[in-house]
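# A closer look at the structure
Listed below are the residues making up each chain.
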Amino acid sequence: MSAALTLATVEHVDRLLSLVASFHAEASIAMSDEQRAAGIVPLLEGSPHGVAYLIGPARAPIGYIVMSFGWSIEFGGMDGFVDELYVRPGVRGRGVASEVLLTLPRALADAGLKALHLELRTDNADARRLYKRAGFALRDGYHLMTRTF
């Protein structure tokens, strides 16, 4: 199965929001449709803070990945954060997510990305194995901490 990526634009909003809602339902993330749209639409309109890609054919995507961008002195430049990665349950286990996590960072490195980060639930062993295969590693002595506003 090919993990062809399409940069999501406003013309893809309905397909992308449907996938995001599916992921949020599966992950028990409580958000309204309006909140999801507020988080996605600016990226589709070209915000420099992040990007969304559809995975698979743009007319019938099988998943998506959303990344945000920042700056890191420690890593020497632009870094990224995988905000969400989702592949429909019916096509999981076929290497799609692995392919995305291996090819997209290489392409972004060519554009100046120095590091890519992600978070996962501590009880999600499948995701941990996936991320490890894609070259991600836990950082000794570090924990992700969050403050919301």
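Above this text is the structure in question.
Residues numbered from 1 in each chain as written. Predicted model: local features only at pLDDT ≥ 70, side-chain atom pairs only at ≥ 80, totals over all residues. Heavy atoms only, no water.

## Concerning the sheet that holds strand β1 (residues 5-7)
For the record, the criterion: Any two strands with at least two DSSP-identified bridges between them are counted as paired. The secondary structure listing takes helices from DSSP runs of H or I that are at least 4 residues long and strands from runs of E that are at least 2 residues long, numbered from the N terminus. Simply put, an axis is a line fit to the C-alpha atoms, just over the touching stretch for a helix, and the angle between two N-to-C directions goes from 0 to 180 degrees.
The 5 strands lie next to each other as β1-β2-β3-β4-β5, forming an open sheet whose pairing is mixed. Of all strands in the sheet, those with a lone pairing partner are β1 and β5 (115-118), marking the two edges. Between one strand axis and the next, the sheet turns through 30 degrees on average, direction left out of account. In terms of strand pairing, strand β2 (residues 50-55) meets strand β3 (residues 63-72) through 6 bridges, oriented antiparallel.

## Some details on the nonpolar core
Across soluble globular proteins, nonpolar side chains have a tendency to be buried as a group. This is how it is decided: Among the buried residues, those of types Ala, Val, Leu, Ile, Met, Phe, Trp, Tyr and Cys that are joined through side-chain atoms within 4.5 Å form a nonpolar core. Accessible area is worked out with a 1.4 Å probe on protein chains only. A residue is then buried under 20% of its type maximum, exposed over 50%, and partly exposed in between. By the convention used here, residues are in contact when the closest approach between their heavy atoms is within 4.5 Å.
Among the nonpolar cores identified, the biggest contains 25 residues, and Ile55, Ile65, Met67, Leu85, Leu101 and Tyr131 are the most heavily contacted of them. Going through the elements one at a time, β2, β3, β4 (77-87), α3 (96-110), β5 and α4 (125-133) are the ones with two or more residues in this core. It is α3 that provides the largest number of residues to this core, a total of 6 residues. In this view, Tyr131 contacts Leu85, Leu101, Leu118, Glu119, Leu120 and Phe136; residues no more than four positions away in its chain are not counted. By size, the runner-up hydrophobic cluster in this structure holds 15 residues, among which are Leu16, Leu17, Ile40 and Tyr64.

## Observations concerning unusual backbone geometry
Excluding glycine, most residues fall at negative phi; most peptide bonds, likewise, are trans. Of note, the phi angle at Ser28 is positive, near 55 degrees, even though the residue is not glycine. Mapping Ser28 onto the fold places it in the loop between α1 (13-26) and α2 (33-44).

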